[in-house]
Amino acid sequence: MTFKYNVTLRPYGDAPDAGIVKIDTEKRYGYWEHRHGSEGGGLWFEPAPVRAADQLPLALVDYDGHYVLPAPVVRALLAAGIVVEPEFFPESFKI
(Lines give C-alpha, C1' and ligand atoms only; values in the text may rest on other atoms or scores of the structure.)
Protein backbone atom coordinates (compact mmCIF):
# COMPACT_ATOMS: atom_id res chain seq x y z
CA MET A 1 0.00 0.00 0.00
CA THR A 2 1.31 3.43 -0.93
CA PHE A 3 0.63 6.40 1.30
CA LYS A 4 0.35 10.05 0.27
CA TYR A 5 1.12 11.97 3.42
CA ASN A 6 -0.71 15.27 3.10
CA VAL A 7 -0.32 16.49 6.71
CA THR A 8 3.00 17.16 8.42
CA LEU A 9 3.18 18.14 12.09
CA ARG A 10 6.34 19.16 13.92
CA PRO A 11 5.89 18.23 17.59
CA TYR A 12 9.50 19.08 18.49
CA GLY A 13 9.89 22.36 16.58
CA ASP A 14 10.98 23.27 13.06
CA ALA A 15 14.58 22.03 13.16
CA PRO A 16 15.22 19.87 10.08
CA ASP A 17 16.53 16.96 12.16
CA ALA A 18 13.67 17.05 14.70
CA GLY A 19 11.10 14.27 14.69
CA ILE A 20 7.89 14.70 12.73
CA VAL A 21 4.36 13.33 12.42
CA LYS A 22 3.02 12.59 8.93
CA ILE A 23 -0.58 11.65 8.14
CA ASP A 24 -2.35 10.35 5.04
CA THR A 25 -5.87 11.62 5.76
CA GLU A 26 -7.45 9.61 2.95
CA LYS A 27 -6.08 6.26 4.14
CA ARG A 28 -6.32 7.36 7.79
CA TYR A 29 -2.79 6.27 8.62
CA GLY A 30 0.27 8.13 9.83
CA TYR A 31 3.56 7.73 11.62
CA TRP A 32 5.53 9.57 14.25
CA GLU A 33 9.24 9.94 14.97
CA HIS A 34 11.16 10.53 18.17
CA ARG A 35 12.66 13.95 18.97
CA HIS A 36 15.91 13.31 17.08
CA GLY A 37 14.25 11.75 14.04
CA SER A 38 14.65 8.12 15.00
CA GLU A 39 11.80 5.78 14.17
CA GLY A 40 8.76 6.05 16.43
CA GLY A 41 5.75 4.12 15.20
CA GLY A 42 2.44 4.06 13.38
CA LEU A 43 -0.78 5.99 13.96
CA TRP A 44 -4.25 4.77 12.95
CA PHE A 45 -7.30 7.01 12.67
CA GLU A 46 -11.04 6.81 12.10
CA PRO A 47 -13.33 9.56 10.80
CA ALA A 48 -14.50 12.11 13.36
CA PRO A 49 -16.98 14.96 13.04
CA VAL A 50 -15.45 18.27 12.01
CA ARG A 51 -15.79 20.78 14.84
CA ALA A 52 -14.16 23.73 13.08
CA ALA A 53 -12.84 24.52 9.59
CA ASP A 54 -9.18 24.36 10.69
CA GLN A 55 -9.49 20.92 12.35
CA LEU A 56 -8.83 17.55 10.76
CA PRO A 57 -11.84 15.19 10.75
CA LEU A 58 -9.88 12.36 12.37
CA ALA A 59 -9.81 10.53 15.68
CA LEU A 60 -6.79 8.54 16.86
CA VAL A 61 -7.81 4.91 17.46
CA ASP A 62 -4.45 3.13 17.81
CA TYR A 63 -0.68 3.55 17.68
CA ASP A 64 2.41 1.42 17.96
CA GLY A 65 6.17 1.69 18.29
CA HIS A 66 6.37 2.62 21.94
CA TYR A 67 4.54 1.76 25.14
CA VAL A 68 3.53 5.42 25.66
CA LEU A 69 2.88 7.96 22.92
CA PRO A 70 5.20 10.94 23.62
CA ALA A 71 3.46 14.04 25.02
CA PRO A 72 4.74 16.35 22.21
CA VAL A 73 3.16 14.01 19.63
CA VAL A 74 -0.16 14.04 21.53
CA ARG A 75 -0.03 17.85 21.77
CA ALA A 76 0.67 18.17 18.03
CA LEU A 77 -2.27 15.90 17.17
CA LEU A 78 -4.59 17.86 19.48
CA ALA A 79 -3.37 21.20 18.05
CA ALA A 80 -4.23 19.95 14.56
CA GLY A 81 -7.78 19.27 15.76
CA ILE A 82 -7.47 15.50 15.83
CA VAL A 83 -9.55 13.81 18.50
CA VAL A 84 -7.27 12.07 21.00
CA GLU A 85 -9.04 10.33 23.86
CA PRO A 86 -7.45 10.52 27.33
CA GLU A 87 -6.58 6.80 27.18
CA PHE A 88 -3.77 7.78 24.76
CA PHE A 89 -2.35 10.50 27.03
CA PRO A 90 0.92 9.79 28.83
CA GLU A 91 0.42 9.42 32.59
CA SER A 92 1.82 12.85 33.46
CA PHE A 93 0.24 14.60 30.44
CA LYS A 94 -1.02 18.16 30.83
CA ILE A 95 -2.67 20.09 28.02
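A. A look at the overall build of the protein. The number of helices and strands found in the protein is one helix and five strands. Secondary structure elements of the protein occur, N-terminal to C-terminal, as β-β-β-β-β-α. In terms of principal-axis extent, the alpha carbons of the protein reach across some 35 × 30 × 25 Å. Evaluated residue by residue, the protein yields a buried proportion of 41% over its 95 residues.

B. Molecular detail of the nonpolar core. Counting residues in hydrophobic clusters, the biggest one holds 24 residues, and the most contacted among them are I23, L69, L77 and I82. Residue assignment for this core shows that the elements contributing at least two residues are β1 (7-9), β2 (21-24), β4 (39-47), β5 (58-63) and α1 (71-79). Considering every element that reaches this core, the biggest residue donor is α1, with five residues.

C. Expanded view of the pattern of salt bridges. Taken as a whole and assessed by the stated rule, the structure comprises one salt bridge. For R28, the salt bridge goes to E46, with nearest N and O atoms at 3.8 Å. Linking R28 in the loop between β2 and β3 (29-33) with E46 in strand β4, this pair joins segments that are 18 residues apart in sequence. You can call R28 partly exposed: its relative accessible area is 31%. Taking the relative accessible area as the measure of exposure, E46 reaches 38% and is therefore partly exposed.

D. Summary view of the sheet that holds β5. With antiparallel pairing, five strands are arranged side by side in an open sheet as β1-β2-β3-β4-β5. Looking at strand neighbours, the two that pair on one side only are β1 and β5, the edges of this open sheet. Pairwise comparison of adjacent strand axes, ignoring direction, gives a mean angle of 25 degrees for this sheet. Strand direction decides the pairing type here: β2 and β3, joined by four bridges, are antiparallel.

Parameters and conventions
- Residues numbered from 1 in each chain as written.
- Predicted model: local features only at pLDDT ≥ 70, side-chain atom pairs only at ≥ 80, totals over all residues.
- Heavy atoms only, no water.
- Helix = DSSP H or I, 4+ residues; strand = E, 2+ residues; numbered from the N terminus.
- Buried < 20%, exposed > 50% of the residue type's maximum accessible area, 1.4 Å probe, protein only.
- Core = buried A, V, L, I, M, F, W, Y, C linked by side-chain atoms within 4.5 Å.
- Salt bridge = Lys/Arg side-chain N within 4 Å of Asp/Glu carboxyl O.
- Pairing = 2+ DSSP bridges.
- Axes fitted to C-alpha atoms, helices over the stretch in contact; angles between N-to-C directions.

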